[in-house]
Amino acid sequence: MSLLWALRIGALLTPLVPARVGYWLCRIIGVAVFLGHHRARRHVLENLRHVCPQCSHRWRVWHAARVFITAVMNYYDLVRIRSVDRHRLRELIEVRGWTHVEEALSRGRGVIVISAHLGNFNVVAQYPAELGLETAIVVERVQPPQLFVSLCRLRSATGVRVLPSGPEAVPAILRLLRRNGILLVAGDRDVTGHSRPVRFFDAPAPLPIGPVALAQRTGATLLPAFTIRLTPRRSLVVVDPPLQLVHTGDPERDLVDNLQQVARCLERMIRTDPGQWAVLQPVWAVETRRTPLAEALGTIPAPDHLVSPPVETDGSTRTAPSPSDPPNTPRNRPFPK
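Criteria and thresholds
- Residues numbered from 1 in each chain as written.
- Predicted model: local features only at pLDDT ≥ 70, side-chain atom pairs only at ≥ 80, totals over all residues.
- Heavy atoms only, no water.
- Helix = DSSP H or I, 4+ residues; strand = E, 2+ residues; numbered from the N terminus.
- Buried < 20%, exposed > 50% of the residue type's maximum accessible area, 1.4 Å probe, protein only.
- Contact = heavy atoms within 4.5 Å.
- Areas by Shrake-Rupley, 256 points an atom, 1.4 Å probe, with all protein chains shown as cover.
- Core = buried A, V, L, I, M, F, W, Y, C linked by side-chain atoms within 4.5 Å.
- 1 Å grid on protein atoms, 1.4 Å probe; cavity = no way out; pocket = protein on both sides within 12 Å on 5 of 7 lines; lining within 4 Å.
- Points joined across faces, edges and corners; volume = space filled by probe spheres on them.
- Nonpolar A, V, L, I, M, F, W, Y, C, P; charged D, E, K, R; others polar.
- Disulfide = S-S within 2.5 Å.
- Axes fitted to C-alpha atoms, helices over the stretch in contact; angles between N-to-C directions.
- Parallel < 35°, antiparallel > 145°, perpendicular 65-115°, else oblique.
- Left-handed = near helix turned anticlockwise from the far one by under 90°.
- Patch = residues over 30% accessible without salt bridge, like charges linked within 9 Å, V, L, I, M, F, W, Y side chains within 5 Å.
- Salt bridge = Lys/Arg side-chain N within 4 Å of Asp/Glu carboxyl O.
- Phe/Tyr/Trp six-rings, centres within 6.5 Å; stacked < 30°, edge-to-face > 60°.

Engineer: Hey, could you run me through the overall build of the protein in this one?
Structural biologist: Across its full length, the protein holds twelve helices and nine strands. When burial is assessed residue by residue, the protein has 53% of its 337 residues classed as buried. Intrachain contacts of the protein at a sequence separation of at least 6 include 80% that bridge at least 24 residues. Accessible area for the protein stands at about 15,700 Å²; split by element, carbon and sulfur atoms hold 56% of it.

Here it is, written out as structure tokens:
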């Protein structure tokens, strides 16, 4: 409930406070929450330990504090984009690799953009809608309901459609993809219990199966993309080449293999700047159950071109190609020891 009141107060003050002062206050609030919220701080430190096991405790504490600052800035920007920066979105975002989006749309089967909760994810996700493309974003259904409604209202400021995560969103997602729309999802944390454990950094973690299963069954292009902040206000978006999903006729095996591809992409994204990976919940220490695909996603009709996919007959081991590494960015550098 405190977050809901913070958003309401922020909505009143944001038009009156200069951006420079607002982001300075975000840093102060982020550090205060980092120091005062012991459980969330423990979760973030544990997540960063998996991201960089060889890094020192001092490195993890520094970047954990930055995670909290990033999270506060993200909420601040959600408020700003509705009341102040709504018509400046294109000016605040630099995009690399947009041709991959155009090529994916030219296939006419819809695009699933999969990313991590990195940088200014919520605001940057509205960029395609600002360009006039039909866009929807899948979000976690948070409590209390008033907070969820408030966040949805902020996230839809530029016309992007907000869908709560879960099987009930599948019909709307299918309609979007049939109209060759763009669906934006985060693949770095399971919020529905519909997941499979795959190796993520140094240990198995339950990652959501929804984006991969949808792409396998509908033929939509699965496109990795991520964003990081270059400055408090400006963000960089990097779109990677589409994933080449494997189709062997064994849906469960294909699902796990393709989900492992996604995990490799998410690792490259997060390594770009772990201090901007704004996940305050545990990613690895989560109990998960093995949910059948039909139960998790409902009945999704497979297009003709996926009914009888080609299977290797030479006995060779399947290898799934991975997208190229992201281009050099100001923060894309090796971890310190």
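Engineer: Looking at this structure, how should I read the nonpolar core?
Structural biologist: When a protein is soluble and globular, its nonpolar side chains tend to lie buried together. Counting 47 residues, the largest nonpolar core has Ile-112, Leu-183, Phe-200, Leu-222, Trp-277 and Trp-284 as the members making the most contacts within it. With eight residues, the top contributor of residues to this core is helix H11 (residues 251–272). If we skip the residues at most four places from it in the chain, Ile-112 touches Leu-177, Leu-183, Val-185, Pro-211, Leu-214, Ala-215, Ala-220, Thr-221, Leu-222 and Leu-223. Phe-121, Ala-129, Ala-157 and Leu-223 belong to the second largest nonpolar core, which has 35 residues in total.

Engineer: Explain empty space enclosed by the protein here, please?
Structural biologist: Over the atoms a probe the size of a water molecule is rolled, and this reveals where empty space is left. Within this structure, the stated rule accounts for two cavities of 30 Å³ or more. As a volume, the largest cavity reaches approximately 230 Å³. Along the walls of the largest cavity sit 18 residues, with Val-113, Val-124, Leu-184, Ala-225 and Val-237 positioned nearest its centre. Within the residue set of the lining of the largest cavity, elements represented by two or more residues are helix H5 (98–106), strand E2 (111–115), helix H6 (121–124), helix H7 (127–130), strand E5 (182–186), strand E8 (221–229) and strand E9 (235–239). In terms of residue class, the lining of the largest cavity is made up of 16 nonpolar, two polar and no charged.

Engineer: It is not clear to me how the side chain of Thr-70 should be interpreted in this structure. Could you clarify?
Structural biologist: Topologically, Thr-70 is positioned in helix H4 (residues 57–83). A relative accessible area of 5% means that Thr-70 is categorised as buried. Leave out the neighbours within four places in its chain, and Thr-70 touches Gly-119, Arg-229, Gly-275, Gln-276 and Ala-278.

Engineer: Whenever I open this one, the state of the cysteines confuses me. Can you help?
Structural biologist: Simply put, the disulfide is a covalent bond whose two ends are the sulfur atoms of two cysteines. Within this structure, the stated rule accounts for one disulfide. Here Cys-52 engages in a disulfide with Cys-55; their sulfurs sit 1.9 Å apart. Handedness here is read from the sign of the S-S torsion; for Cys-52 and Cys-55, about 60 degrees, the answer is right-handed. The exposure class of Cys-52 is buried, given its relative accessible area of 0%.

Engineer: What exactly am I supposed to notice about the environment of Ala-40 here?
Structural biologist: Of note, Ala-40 is situated in helix H3 (residues 38–51). Ignoring any residue separated from it by four or fewer positions in sequence, one finds Ala-40 in contact with Phe-68 and Leu-280.

Engineer: Before we go on, may I ask you to explain the packing of helix H2 (residues 19–36) against H4 in this structure?
Structural biologist: When two helices pack together, their arrangement is given by the angle between the helix axes and by the axis-to-axis distance. In the contact formed by H2 and H4, the axes pass within 8 Å of each other and the chain directions differ by 135 degrees. Taken together, the axes of H2 and H4 are oblique relative to one another. Pair H2 / H4 crosses with right-handed handedness. Of the residues in H4, those in contact with Ala-19, Gly-22, Tyr-23, Cys-26, Arg-27, Ile-29, Gly-30, Val-31, Val-33 and Phe-34 of H2 are Val-61, Ala-64, Ala-65, Phe-68, Ile-69, Val-72, Met-73, Tyr-76, Asp-77 and Arg-80.

Engineer: Any chance you could explain a nonpolar patch on the surface here in plain terms?
Structural biologist: Together, Trp-5, Ile-9, Leu-12, Leu-13 and Leu-16 line one region of the surface with nonpolar side chains, adding up to about 580 Å² of accessible area. On the basis of relative accessible area, Ile-9 is assigned to the partly exposed category, the value being 45%.

Engineer: Sorry if this is basic, but what is going on with the packing of aromatic side chains here?
Structural biologist: Pairs of aromatic rings are described using the distance from one ring centre to the other and the angle between the two planes. In this structure the tally under the stated criterion is eight aromatic pairs. Taking the centre distance of 5.3 Å and the plane angle of 15 degrees together, the rings of Phe-200 and Trp-284 count as stacked. Residue Phe-200 is located in strand E6 (residues 195–200), and its partner Trp-284 is located in the loop between H11 and helix H12 (293–297); the two are separated by 84 residues in the primary sequence. Exposure class is identical for Phe-200 and Trp-284. Each is buried. Considering the side-chain rings of Trp-277 and Trp-284, the 6.3 Å spacing of their centres and the 85 degrees angle between planes classify their relative orientation as edge-to-face. Trp-284 sits in the buried class, given a relative accessible area of 10%.

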